[in-house]
Amino acid sequence: MHVFLTGATGLIGRALLMPLLARGHVVTALSRTASPRLVPGVRVIQGDPAVAGRWQDALAACDACIHLAGEPVAAARWNDARKRAIRESRVASTARIAEVLAARGPSVLLSGSAVGFYGSRGHEVLDEASPAGDGFLADVCQAWEAAARPAEARARVVLLRTGIVLARQGGALRQMLLPFKLFAGGPLGKGDFWQAWIHLGDEVGLILWALENEAVRGPLDLTAPAPALQRDLAAAIGRALGRPSALPVPVAALKLALGELATVVLASQRVLPRKAQELGYGFRYPALQAALDDLLRRR
């Protein structure tokens, strides 16, 4: 297939490039900068997916679209301008892409979303059939997914509800590691809330599987089959690093440092990848400790 990829310079997008090429796909990547450093063999075109432009003709010439573009959620404290950028970068770009697919071009759209769709739900077990939750990110995810649905007029649409991606290259795990490296790691408060995580290898694997599997459509939870209590995640990081993990981070200090963003960090999301399991995806890293040992062992 000829695959059109947005968000190619992000953590997940970069990790997708080589596997896509290795599977024989042709890749055209959309970038807001003129010449990002991507892998050889990838065609790069310039454009903003939130703004109509010639890139839409390039999209129409492709067989499939993987749309991952969007402003990072946790790059800085939230204010009104930051929250507006988080929402508009996702909703406007998805609407532009869906507009093309509703009329011409690709017959497959894999569109980014997040487990933030479910809000914070305590110990409730969640999957693709669960209703949306409350809060800013839940509202963003609902609007984000709604913007993709016009493409369903003529394309198979998959909504990629991604959890916390654990990766050696960066992302959330890098931020988690600093206190452990300083021998000050531990849970956030009591650590009694659930975190839906996924190894980057399975994030990429699930996206490729969804791209090539005609049976996959609609919401798809991209999470490992064993969500973890946050205190268990902290303990597993400590074991993988050989560092202590018993010093709790006061919730009040976290809220003071992060402001409203702390609601995302402390959200409880016990999400299961029900659809992936029912349709036969085989997880490479279903267990948390094995995933962290793979990512954190010395090389």
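The notes below deal with the structure included here. Quantities reported herein were computed from a predicted structural model and do not represent experimental measurements. (Residues numbered from 1 in each chain as written. Predicted model: local features only at pLDDT ≥ 70, side-chain atom pairs only at ≥ 80, totals over all residues. Heavy atoms only, no water.)

What about the environment of Ala 291?
- Tracing the chain through its elements places Ala 291 in helix 11 (residues 288–296).
- Assessed through its relative accessible area of 0%, Ala 291 is described here as buried.
- Distance in space between the C-alpha atoms of Ala 291 and Asp 202 is 10.0 Å, their sequence separation being 89 residues.
- With near-sequence residues (within four places) excluded, Ala 291 lies in contact with Trp 197, His 199 and Tyr 285. (Helix = DSSP H or I, 4+ residues; strand = E, 2+ residues; numbered from the N terminus. Buried < 20%, exposed > 50% of the residue type's maximum accessible area, 1.4 Å probe, protein only. Contact = heavy atoms within 4.5 Å.)

What about helix 11?
- Residues of helix 11 that are buried: Leu 288, Ala 291, Leu 292, Asp 294, Leu 295 and Leu 296.
- Next to the buried residues of helix 11 lie strand 8 (164–167), helix 5 (172–181), strand 11 (197–199), strand 13 (228–229) and helix 7 (230–241).

Thoughts on the sheet that holds strand 12 (residues 218–222)
- On the basis of which strands lie adjacent, the open sheet formed by seven strands has the order 3-2-1-4-5-7-12 and parallel pairing. Of all the strands in the sheet, the pair left with one neighbour each is strand 3 (43–46) and strand 12. Across the sheet, the mean angle separating the axes of adjacent strands is 20° when strand polarity is ignored.
- Bridge count between strand 5 (residues 108–114) and strand 7 (residues 156–162): seven bridges; the pairing is parallel. (Pairing = 2+ DSSP bridges. Axes fitted to C-alpha atoms, helices over the stretch in contact; angles between N-to-C directions.)

A closer look at the side chain of Arg 121
- Its location among the elements puts Arg 121 in the loop between strand 5 and strand 6 (125–126).
- On the basis of relative accessibility, which here comes to 18%, the residue Arg 121 falls in the buried class.
- A polar contact is formed between the side chain of Arg 121 and the backbone oxygen of Tyr 118, at a distance of 2.9 Å.
- Side chain to side chain, Arg 121 and Glu 124 meet in a polar contact 3.1 Å long.
- Once residues within four sequence positions are removed from consideration, Arg 121 is found in contact with Leu 126, Ser 130, Pro 131, Ala 132, Gly 133 and Ser 268. (Polar contact = N/O pair within 3.5 Å; in protein donor to acceptor, adjacent residues only side chain to side chain.)

Comments concerning the side chain of Thr 6
- Its place among the elements puts Thr 6 in strand 1 (residues 2–6).
- Owing to a relative accessible area of 1%, Thr 6 belongs among the buried residues under this scheme.
- A distance of 2.9 Å separates a polar side-chain atom of Thr 6 from the backbone nitrogen of Leu 68.
- One polar contact links the side chain of Thr 6 to the main-chain amide nitrogen of Ala 69, over a distance of 3.2 Å.

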